[in-house]
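# Descriptive structure summary
Here is how the chains run, residue by residue.
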Amino acid sequence: MLLEVEGLCVNYGHIEAIRDISFGVEEGTVTTLIGANGAGKTTTLKTLSGLRKVRAGKVTFDGTDITDMSPEKRVKLGLSQSPEGRGIFPGMTVRENLDMGGFVRRDKAGLAADLDRVMALFPRLSERISQVAGTMSGGEQQMLAIGRALMARPRVVLLDEPSMGLAPKLIQQIFAIIKEINEQGTTVLLVEQNAAQALKAADQAHVLETGELVRSGTGAELAGDPSVRAAYLGGD
Ligand code: ATP
């Protein structure tokens, strides 16, 4: 496993946001965590990127224990997060936001190549390279958040609800881009409320319910599971 989570517990004060969750992310795959509002999806990603401290448990990245490592060191190792919603720098331009994504890197040629790659993935961003990011539409800001995470050239990219608040056509586009990112060699850990799309995109999937992992399987297995269908896919 490239990323391994063992017995993870995270609290907000006395609230147990995550209780004893364990799962792995295999290199080259798309893995998804699905669950309702408040299930602990964002908390899990924030813990993996080092923004929340663990109460108990262990996180390993490519064999290295990163449980207590700073977020910046994790980015250097190859773990980069695209935050939920409008987690970009609103006062900066698109280009400045993308440059911030590559801040831990010194390889100029590699950065230029990755900027080209992000522009190719998101032509909309290349058209708006000088626009102040806070003036872009919600969908464009989501694209920028993903593009910024990719500028760190991560081995694993953590995507927090990339489809949130987007029109159906744009959701299709975002999922096509996630597939492309994965095909280009980046491992993806995707957190989504849009369970139908996420399960379709995922090699491996896990269901979080009130802070606990209650079900795991391939995307197809969970999409066919009657209890998952009833709870997350509108049942039938
Ligand atoms: P959503 O899909 O609504 O974003 P989520 O699955 O990402 O939900 P989290 O944001 O991880 O859920 O929240 C898990 C639990 O932790 C919730 O009960 C939430 O209220 C609580 N929580 C999250 N952040 C904080 C905080 N900063 N302080 C206190 N409680 C928090």
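Residues numbered from 1 in each chain as written. Predicted model: local features only at pLDDT ≥ 70, side-chain atom pairs only at ≥ 80, totals over all residues. Heavy atoms only, no water.

Further remarks concern the overall build of the protein. Within the protein one finds 10 helices and 10 strands. Compactness check: the protein gives a C-alpha radius of gyration of 17 Å against a globular reference of 18 Å for 236 residues, within 12% of the reference. Over its C-alpha atoms, taken along the principal directions, the protein stretches across nearly 45 × 40 × 30 Å. For the protein, the residues scored as buried account for 51% of the 236 residues in total. In the protein, once contacts between residues fewer than 6 apart in sequence are set aside, the share between residues at least 24 apart is 66%. When the accessible surface of the protein is totalled, it reaches about 10700 Å², and 51% of it is carbon and sulfur. Here the protein holds 26 positive side-chain charges and 29 negative ones, and the gap between their average locations is 5 Å. (Helix = DSSP H or I, 4+ residues; strand = E, 2+ residues; numbered from the N terminus. Rg over C-alpha atoms; globule rule 2.2 N^0.38 Å. Buried < 20%, exposed > 50% of the residue type's maximum accessible area, 1.4 Å probe, protein only. Contact = heavy atoms within 4.5 Å. Areas by Shrake-Rupley, 256 points an atom, 1.4 Å probe, with all protein chains shown as cover. Lys, Arg positive; Asp, Glu negative; His and termini not counted. Charge placed at Lys NZ, Arg CZ, Asp CG, Glu CD.)

One finds I34, L98, V118, F122, L125, L144 and V188 to be the most contacted residues of the largest nonpolar core, which totals 41 residues. Broken down by element, this core gets its largest block of residues, 7 residues, from helix α7 (residues 168-183). Dropping the residues within four chain positions of it, L125 is found in contact with V94, V118, M119, M136, E140, M143 and L144. V25, L33, L158 and L208 belong to the second-largest nonpolar core, a separate cluster that totals 22 residues. (Core = buried A, V, L, I, M, F, W, Y, C linked by side-chain atoms within 4.5 Å.)

What follows deals with the sheet that holds strand β1 (residues 3-12). If you trace the 4 strands from one edge of the open sheet to the other, you get β2-β1-β4-β5, paired in antiparallel fashion. Of all strands in the sheet, those with a lone pairing partner are β2 (15-25) and β5 (64-65), marking the two edges. Examined bridge by bridge, strand β4 (residues 56-61) and β5 share 2 bridges and lie antiparallel to one another. Counterpart to T60 in the pairing with β5 is D65. (Pairing = 2+ DSSP bridges.)

The next point concerns the pattern of salt bridges. Summed over the entire model, instances satisfying the criterion amount to 15 salt bridges. Between E140 and R128 there is a salt bridge; the shortest N-O distance is 3.5 Å. Of this pair, E140 sits in helix α6 (residues 138-150) while R128 sits in the loop between α5 (123-127) and α6, and the two are 12 residues apart along the sequence. Within the structure, one salt-bridge network assembled from shared partners comprises E16, R19, R55 and E212. (Salt bridge = Lys/Arg side-chain N within 4 Å of Asp/Glu carboxyl O.)

The next thing to look at is the site of the ligand. Residues in contact with the ligand amount to 13 residues; listed here are only the nearest, N37, G38, K41, T42 and T43. In the environment of the ligand, an oxygen atom lies 2.7 Å from a nitrogen or oxygen atom belonging to the backbone of G38. Separating an oxygen atom of the ligand from a backbone N or O atom of A39 is a distance of 3.1 Å. Summarising the interface, the protein chains cover 62% of the accessible area of the ligand, which totals 630 Å² for the free molecule. Top contributing element to the shell around the ligand by residue count: helix α1 (residues 41-48), with 3 residues. Split by residue class, the shell around the ligand holds 4 nonpolar, 6 polar and 3 charged. (Near = heavy atom within 4 Å. Polar contact = N/O pair within 3.5 Å; in protein donor to acceptor, adjacent residues only side chain to side chain. Nonpolar A, V, L, I, M, F, W, Y, C, P; charged D, E, K, R; others polar.)

Looking now at the side chain of K41. Positionally, K41 belongs in helix α1. Side-chain polar atoms of K41 contact the backbone oxygen of G35, separated by 3.0 Å. Sequence-distant contacts of K41, defined by excluding residues within four places in its chain, comprise L33, I34, G35, A36, E161, V191, E192, Q193 and L208.

These values are about where atoms sit, not about what they do.
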